[in-house]
Each structure stands twice: as structure tokens, then as C-alpha cells.
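Now for the letters of each chain:
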Amino acid sequence: RLNEITPELIRKAKNDVYPEMRADILEELKTHELFAALSVARRLHHKGITATTIEHSYRNYKIICEEYNMKPNGEAAFRNYLNTLEAIGILGKVTKNLRGRRGMRARLTIHDVPAAVLIERIETFLNKRYNL
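Here is a short report on the structure shown in this document. Quick caveat, the model's predicted, so the values are computed rather than measured.

### A word on the packing of helix H4 (residues 54-67) against helix H5 (residues 75-87)
Argument step 1. Where H4 meets H5, the closest approach of the two axes is 11 Å, and the angle between their N-to-C directions is 105°. Between H4 and H5, the crossing angle belongs to the class labelled roughly perpendicular. Along its contact with H4, which presents Ile 54, Glu 55, Ser 57, Tyr 58 and Tyr 61, the element H5 presents Glu 75, Phe 78, Arg 79, Tyr 81 and Leu 82.
Argument step 2. Here the contact of H4 with H5 is composed, by residue class, of six nonpolar, one polar and three charged.

Shown next, in the form of C-alpha cells:
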């Protein structure tokens, strides 16, 4: 029995009812776009985290690049990967003004699929792509 409903449970329930992420969508993504999606999914897999920042995700992205022995691209390129993932519906991005500070802050979420499922699908696909 569960004591609380987490964002991960909601994504899982939605995926069970109406699985929207097509398997072929991963094939269309470039490697670093997959790394970017994986970086957000890993961050959101932690209990109670509903959204993450670009900065946290970029740090995870650099670690993932290291895991796959690939050179990470800069933060501007990483932001472009996030834009692509948002455009195809894998990620959601919410921006808000910072109180008392200039600028906007973006919060990243995952649409339609639990973070654990997205992690598993991406890692399986990457392992096949690179024969690991």
C-alpha cells in the first residue's frame, strides 16, 4: 500500500492507460538528444522530484557523455537538444520569472511516460546502437 501519490506514479498510470511514446521516436533522435533526455529522466527518477533545472540536467548530461566515452557539447547545444525534445513531446518546459532577480528560470518535466521507463528505453536503445 502506498502512502502518497508521486509524480512518477501519475506518469506510470497515464502510460498504462494510454502509452503515447512511440518506440520509433528514439530512432529519430541524435545521440546527444538521447543523452539530454536521459539526463532529465535520471534526475526526475528521484522520489518527490516533479521538475528539474537545465543546470542540473546539463551536469547529468556531462556524466552520461563520460559513461559513453563521448565528448559533451556546450550548454547552448544542450539547450537546443532540450528544445527538440520539447517540440516532439518528450519533455515539457515551464519558464517563470525570478522574484527580485532578472531573467527567467526553466523547469523541465517528462510527458506521458514514467522516468524509469524512459531511462530503460533510452539505455536499451543506446546499448543496441553502440553494441554495448
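### Here's the deal with the environment of Asn 80
Argument step 1. Its place among the elements puts Asn 80 in helix H5.
Argument step 2. Overall, Asn 80 belongs to the partly exposed group, its relative accessible area being 47%.
Argument step 3. The spacing of Asn 80 and Ala 36 is 44 residues in sequence and 9.8 Å in space, taken between C-alpha atoms.

### A look at the packing of aromatic side chains
Within a pair of aromatic rings, the relevant descriptors are the distance that separates the centres and the angle that separates the planes.
Argument step 1. Within this structure, the stated rule accounts for five aromatic pairs.
Argument step 2. Taken together, the ring pairs connect Tyr 58, Tyr 61, Phe 78 and Tyr 81 into an aromatic cluster.

### Looking at the pattern of salt bridges
Argument step 1. Evaluation of the coordinates by the stated rule reveals five salt bridges.
Argument step 2. Among the salt bridges present, the one from Arg 42 reaches Glu 123, with a minimum N-O distance of 2.7 Å. Placement of Arg 42 in helix H3 (residues 31-44) and of Glu 123 in helix H6 (residues 115-129) is noted, with a sequence separation of 81 residues between them.
Argument step 3. Take Glu 123: its relative accessible area is 24%, and that puts it in the partly exposed class.
Argument step 4. Measuring nitrogen to oxygen at the nearest pair gives 4.0 Å for the salt bridge that ties Arg 79 to Glu 55.

### Let's talk about unusual backbone geometry
Residues apart from glycine generally show negative phi values, whereas peptide bonds are mostly found in trans.
Argument step 1. One non-glycine residue, Asn 69, lies in the positive phi region at around 55°.
Argument step 2. Along the polypeptide, Asn 69 turns up in the loop between H4 and H5.

### Re the nonpolar core
Argument step 1. By size, the foremost hydrophobic cluster in this structure holds 34 residues, and its most contacted members are Phe 78, Leu 82, Ile 110 and Ile 122.
Argument step 2. Counting residues per element, the ones that place at least two in this core are helix H2 (25-28), H3, H4, H5, strand S3 (104-110) and H6.
Argument step 3. Here the element with the most residues in this core is H3; it accounts for eight residues.

### Re the packing of H3 against H6
Argument step 1. Running from N to C, H3 and H6 point in directions that differ by 150°, and their axes come no closer than 9 Å. Judged by the inter-axis angle, H3 sits roughly antiparallel to H6. Helix-helix and strand crossings are classified by hand; for H3 and H6 the assignment is left-handed. Contacts between H3 and H6 involve Thr 31, Leu 34, Phe 35, Ala 37, Leu 38, Ala 41, Arg 42 and Leu 44 on the former and, on the latter, Ala 115, Leu 118, Ile 119, Ile 122, Glu 123, Phe 125, Leu 126 and Arg 129.
Argument step 2. Split into classes, the residues belonging to the contact of H3 with H6 amount to 12 nonpolar, one polar and three charged.

Cut-offs applied
Residues numbered from 1 in each chain as written. Predicted model: local features only at pLDDT ≥ 70, side-chain atom pairs only at ≥ 80, totals over all residues. Heavy atoms only, no water. Axes fitted to C-alpha atoms, helices over the stretch in contact; angles between N-to-C directions. Helix = DSSP H or I, 4+ residues; strand = E, 2+ residues; numbered from the N terminus. Parallel < 35°, antiparallel > 145°, perpendicular 65-115°, else oblique. Contact = heavy atoms within 4.5 Å. Nonpolar A, V, L, I, M, F, W, Y, C, P; charged D, E, K, R; others polar. Buried < 20%, exposed > 50% of the residue type's maximum accessible area, 1.4 Å probe, protein only. Phe/Tyr/Trp six-rings, centres within 6.5 Å; stacked < 30°, edge-to-face > 60°. Salt bridge = Lys/Arg side-chain N within 4 Å of Asp/Glu carboxyl O. Core = buried A, V, L, I, M, F, W, Y, C linked by side-chain atoms within 4.5 Å. Left-handed = near helix turned anticlockwise from the far one by under 90°.

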